Amino acid sequence: MPIAVDIDVMLARRKMSVGELADRVGITPANLAVLKNGRAKAVRFATLAALCEVLKCQPGDLLRWEAEDMAGEGGDREVSVRGPG
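1. Considering the overall build of the protein chain
Summing up its helical and strand segments, the protein chain has five helices and four strands in all. Along the protein chain, helices and strands appear, N-terminal first, in the series β-α-α-α-β-α-α-β-β. When the 85 residues of the protein chain are sorted by exposure, 35% land in the buried category. Counting only contacts in the protein chain whose residues sit at least 6 apart along the sequence, the fraction spanning at least 24 positions is 75%. For the protein chain, the accessible area works out to roughly 5,300 Å², and carbon and sulfur atoms hold 53% of it.

Quick look at the structure:
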């Protein structure tokens, strides 16, 4: 998928665990892992806003576009990540 997710980078910068972030955002650790590992096909703006609020960052700090040939293909599984809202 050409959209890369850099939540790990922000977690490391903020010295925060996945569990703590999931709790503070209001999503399950499993759903956060799906998003973090690039397996999500969609993310709600409310969830993205909550992630940015907790991590004190901009959406572009969490998501970036990569050309298809550069992006690792992880399969075609459709997963939706739901958060607050």
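2. Looking at the packing of helix α2 (residues 18–25) against helix α4 (residues 45–55)
Between α2 and α4, the shortest axis-to-axis distance is 9 Å and the interhelical angle comes to 120°. It follows from the interaxial angle that α2 and α4 lie oblique. In the packing of α2 onto α4, the handedness of the crossing is right-handed. Taking contact as the criterion, the partners of L21, R24 and V25 in α2 are, on α4, T47, A50, L51, V54 and L55.

3. Observations regarding the nonpolar core
Counting residues in each nonpolar core, the largest one holds 21 residues, and the members touching the most others are I7, L21, V25, L32, L51, L55 and L62. Elements represented by at least two residues in this core include exactly α1 (7–14), α2, α3 (29–36) and α4. With six residues, α4 is the largest single contributor of residues to this core. The residues touching L51, leaving out its near neighbours within four places in the chain, are I7, L21, V25, L32, L35 and L62.

4. Focus on empty space enclosed by the protein
Applying the stated criterion across every chain yields a total of one cavity of 30 Å³ or more. Space inside the largest cavity adds up to approximately 40 Å³. As for the largest cavity, its lining consists of V5, I7, L35, V43, L48, L51, L62 and L63.

5. As for the environment of L21
Position of L21 among the secondary structure elements: in helix α2. Residues L21 and A50, spaced 29 residues apart in sequence, show a C-alpha to C-alpha distance of 9.8 Å. Aside from chain neighbours lying at most four places away, what touches L21 is I7, L11, M16, L32, L51, V54 and L55.

6. Some words on unusual backbone geometry
Phi at K15 is positive, roughly 50°, even though this residue is not glycine. If you trace the backbone, K15 turns up in the loop between α1 and α2. Backbone geometry places K56, a non-glycine residue, at a positive phi of 50°. Along the chain, K56 falls in the loop between α4 and α5 (59–62). The exposure class assigned to K56 is exposed, which follows from its relative accessible area of 65%.

Quick notes on the rules
Residues numbered from 1 in each chain as written. Predicted model: local features only at pLDDT ≥ 70, side-chain atom pairs only at ≥ 80, totals over all residues. Heavy atoms only, no water. Helix = DSSP H or I, 4+ residues; strand = E, 2+ residues; numbered from the N terminus. Buried < 20%, exposed > 50% of the residue type's maximum accessible area, 1.4 Å probe, protein only. Contact = heavy atoms within 4.5 Å. Areas by Shrake-Rupley, 256 points an atom, 1.4 Å probe, with all protein chains shown as cover. Axes fitted to C-alpha atoms, helices over the stretch in contact; angles between N-to-C directions. Parallel < 35°, antiparallel > 145°, perpendicular 65-115°, else oblique. Left-handed = near helix turned anticlockwise from the far one by under 90°. Core = buried A, V, L, I, M, F, W, Y, C linked by side-chain atoms within 4.5 Å. 1 Å grid on protein atoms, 1.4 Å probe; cavity = no way out; pocket = protein on both sides within 12 Å on 5 of 7 lines; lining within 4 Å. Points joined across faces, edges and corners; volume = space filled by probe spheres on them.

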